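Listed below are the residues making up each chain.
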Amino acid sequence: MSESDFADHRLAAAQEFAHTMIVVDDEAWKPPLGAEPRAGLRTPRRGRIVPAVDGGQGDMFQTKRALDTENLVDAALSLGLICSVVRPPKGKSIKAQVGRAAKRADIVCLDWELHGDGGNSVTQIITEIARSDDERNGRLRLIAIYTGDITNNKILE
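Quick caveat: nothing in here was measured; it's all calculated off a predicted structure. (Residues numbered from 1 in each chain as written. Predicted model: local features only at pLDDT ≥ 70, side-chain atom pairs only at ≥ 80, totals over all residues. Heavy atoms only, no water.)

Draft legend 1. Here's a closer look at helix H3 (residues 94–104). Listed in full, the buried residues belonging to H3 are Ile 94, Val 98, Gly 99 and Ala 102. What you see down the axis of H3 is that its buried residues fit within an arc of 130 degrees, all on one side. Opposite the buried face of H3, at more than 90 degrees from it, the exposed residues are Ala 96, Arg 100 and Arg 104. Taken together, the buried residues of H3 touch strand E1 (20–24), strand E4 (82–86), strand E5 (107–111) and helix H4 (120–135). (Buried < 20%, exposed > 50% of the residue type's maximum accessible area, 1.4 Å probe, protein only. Helix = DSSP H or I, 4+ residues; strand = E, 2+ residues; numbered from the N terminus. Arc of directions from axis to C-beta. Contact = heavy atoms within 4.5 Å.)

Draft legend 2. Focus on the sheet that holds strand E6 (residues 142–146). The parallel open sheet is built from four strands, whose spatial order is E4-E1-E5-E6. Where the open sheet ends on each side, the last strands, each with one partner, are E4 and E6. Going across the sheet, the axis of each strand differs from the next one's by a mean of 15 degrees, ignoring polarity. In the sheet, E1 pairs with E4 via five bridges, with the strands oriented parallel. By the bridge assignment for E4, Met 21 is matched with Cys 83. With respect to the sheet, helix H2 (residues 69–78) is in contact with E1 and E4, its orientation differing from that of E4 by roughly 160 degrees. Strands in contact with H3 are E1, E4 and E5; relative to E1, the strand with the most contacts, it is inclined by about 150 degrees. (Pairing = 2+ DSSP bridges. Axes fitted to C-alpha atoms, helices over the stretch in contact; angles between N-to-C directions.)

Structure representation (structure tokens):
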């Protein structure tokens, strides 16, 4: 069997197994057509227009390593995967928000750093998925963790 045959068989096996994928990333971003990401929001008011002031909500939508959701979803669809991208809001329980859907997905992709928590939320999500799968006598699934931090070896631990 040639290398290309093996790659084709591997892709076919993955496509047979995987139908759904959820991606959890606090920096997922899909701007409207032709729009640039804004640095934040300001409270609506009457009178003259005043530029938004830094601080408070000013950095709410600033991203360091934005995830291009449109290209990701398009690539998944071309492979026959139903893909959902979740951008969990800061301050809410990420585990509660995405845990139920993540337990049902064939592929779960998690950004290690969600709101700068050092992998705490991702660890909780994976633990909950493993616990739930164990209660149902196991399940075949792929869990992928990614990060933009190339110095982060803690993920392997």
